[in-house]
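Residue-level structural notes
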Amino acid sequence: MSTTKYIINSGTQSIDGSLEINGTLKSNSTGVYRALLTQTGQITGIGLEDFNYGLIVGETYTITSYVDGDDFSNIANIQSPGTINATGSVFIATGQIPVNYSNSSELTSGGELIVDVLENTLGYDLDWYWSGNDIFLSEGNYVAFNNITGPIYNSFQRDKIEIVTPFKWNFDFGMFPPFITPNVGSFASKDDVINISVINVGGGPGFPADDLLYYTPIEIKINQDTDTTPIEIYGEVIPEFSFSDVYISLIANGNYIQDVYCDNASSVNNMTELLTLLNNDINNVYGLVYSEGGPGGIKLVAPTNIKNQFCSNGTLTFEIYSD
């Protein structure tokens, strides 16, 4: 049995939508996510024309050489050193057009991935990563996780999702727009991540490359299960008390699916303490309710749609282990 350690990703972006795990699921049967992805690499310029006549909102800029008279104060979320309009000032752009940028101050952009969400009815946000901020990704690859659960089994079931990424010119309008291919991938388990691969065609066979996204649209549609009827799922505690570093091994029709680790690594000395830990752990993102009972000694109550995510046909069980 694989024991890849899985930790919940808390995410950094705000959550749109109206998913309620411990109540009624109010989202539509089809969830929609539309966004513009920008990742241009580092750009240096001395006027707005060098930045295609507008800074990128959310991008980090450094004033590498300030010239008196230019004024970026109206669009600056200052990061350091606490002032703007000076050499060395670092700010995140909150708008496209400064008060004055006619005196040739030199700006250098950070080149990071910027995600401008236009619509989101999924009930959760997506956390995006790329090779510039994740050592496990190769150049030209961008991935998105459910920002509440992180990479977890069947987050984006391949037969229930449509991902559209049309052609879109990059920042400097090369010979050809990049070729973008989307797919559902398996990072830690089946169908747990959305991936897009960006190919720089450049008149030839092409190669994976960063720095080619510029307000590039992506649209994701997911057919979502809306059945929140409570259902009982039965499990078994494998180690003898006392033990610590609790994790839950999910099993569908006798087949191992994935391990989900508790954030709380404290020791539990009996069933009561174990149930308290499971029910209150911050990684219990679905609000599952554990109690004593069932053929294996422990059971949980979950919405039917969550059970179906892990096992749509047949029996879902679980086992409690100590890492």
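Treat the numbers as computed from the prediction; the structure is a model and nothing was measured.

Let us now look at the confidence of the model for the protein chain. Averaged over the protein chain, the pLDDT score is 90; the fraction of residues at 70 or greater is 91%. Overall, residues 1-28 carries pLDDT values under 50, and its contacts beyond four positions in sequence, including any with other chains, amount to 79 contacts.

With antiparallel pairing, the 5 strands of this open sheet are ordered in space as 2-6-3-5-4. The open sheet has two free edges, formed respectively by strand 2 (44-45) and strand 4 (76-80), since each of these has just one partner strand. Bridge count between strand 3 (residues 60-65) and strand 5 (residues 90-93): 3 bridges; the pairing is antiparallel. Counted as the bridge partner of Thr 62 is Val 90 from strand 5.

Let us look at the nonpolar core. In this structure, Leu 274, Ile 298 and Ile 320 are the most contacted members of the largest nonpolar core, which totals 30 residues. Listing elements by their share of this core, those giving two or more residues are strand 15 (230-237), strand 16 (246-252), strand 17 (255-261), helix 1 (271-280), strand 19 (297-303), helix 2 (304-310) and strand 20 (316-322). In terms of residues, this core owes the most to one element, helix 1, which gives 5 residues. With residues near it in sequence (within four places) discarded, Ile 320 still touches Glu 236, Val 237, Ile 238, Pro 239, Phe 243, Val 246, Tyr 247, Ile 248, Leu 274, Leu 278 and Ile 298. Core analysis: the second largest hydrophobic core is formed by 24 residues, Leu 37, Ala 209, Ile 218 and Ile 222 among them.

Before going further, it helps to examine the packing of aromatic side chains. In this structure the tally under the stated criterion is 17 aromatic pairs. Ring geometry for Phe 167 versus Phe 179: centroids 5.8 Å apart, planes at 50 degrees, classification tilted. Separated by 12 residues along the polypeptide, Phe 167 in the loop between strand 10 (161-164) and strand 11 (179-185) and Phe 179 in strand 11 bring together distant segments of the chain. Accessibility expressed as a relative area gives 56% for Phe 167, which makes it exposed. We classify Phe 179 as partly exposed; its relative accessible area is 39%. Among the aromatic residues, ring-to-ring pairing joins Phe 51, Tyr 61, Phe 72, Phe 91 and Tyr 101 into one connected group. Geometry around Tyr 153 places Lys 190 over its ring, the cationic atom sitting 5.8 Å from the centre.

Let us now look at the environment of Thr 317. Inspection of the secondary structure assignment puts Thr 317 in strand 20. Beyond its immediate stretch of four places on either side in the chain, Thr 317 contacts Ile 233, Tyr 234, Ser 249, Leu 250 and Ile 251.

Okay, the environment of Gly 82 next. Positionally, Gly 82 belongs in the loop between strand 4 and strand 5. Separated by 25 residues in the primary sequence, Gly 82 and Leu 107 place their C-alpha atoms 17 Å from one another.

Think of it this way: side chains of opposite charge can pair up when their charged atoms draw near. According to the stated counting rule, one finds 4 salt bridges in the structure shown. The residue Arg 34 makes a salt bridge to Glu 119 at a minimum N-O spacing of 2.9 Å. Of this pair, Arg 34 sits in strand 1 (residues 30-39) while Glu 119 sits in strand 7 (residues 114-120), and the two are 85 residues apart along the sequence. The class for Arg 34 is partly exposed, based on a relative accessible area of 29%. Residues Asp 191 and Arg 158 are paired through a salt bridge, measuring 2.8 Å at the closest nitrogen-oxygen approach. In this pair, Asp 191 is assigned in the loop between strand 11 and strand 12 (193-200) and Arg 158 in the loop between strand 9 (141-146) and strand 10, connecting sequence segments 33 residues apart. Residue class for Arg 158 comes out exposed when judged on its relative accessible area of 54%. A network of salt bridges, in which partner residues are shared, links Arg 158, Lys 190 and Asp 191.

Scoring rules and cut-offs
Residues numbered from 1 in each chain as written. Predicted model: local features only at pLDDT ≥ 70, side-chain atom pairs only at ≥ 80, totals over all residues. Heavy atoms only, no water. pLDDT = per-residue confidence, 0-100. Contact = heavy atoms within 4.5 Å. Pairing = 2+ DSSP bridges. Helix = DSSP H or I, 4+ residues; strand = E, 2+ residues; numbered from the N terminus. Core = buried A, V, L, I, M, F, W, Y, C linked by side-chain atoms within 4.5 Å. Buried < 20%, exposed > 50% of the residue type's maximum accessible area, 1.4 Å probe, protein only. Phe/Tyr/Trp six-rings, centres within 6.5 Å; stacked < 30°, edge-to-face > 60°. Lys NZ or Arg CZ within 6 Å of the ring centre and 35° of its normal. Salt bridge = Lys/Arg side-chain N within 4 Å of Asp/Glu carboxyl O.

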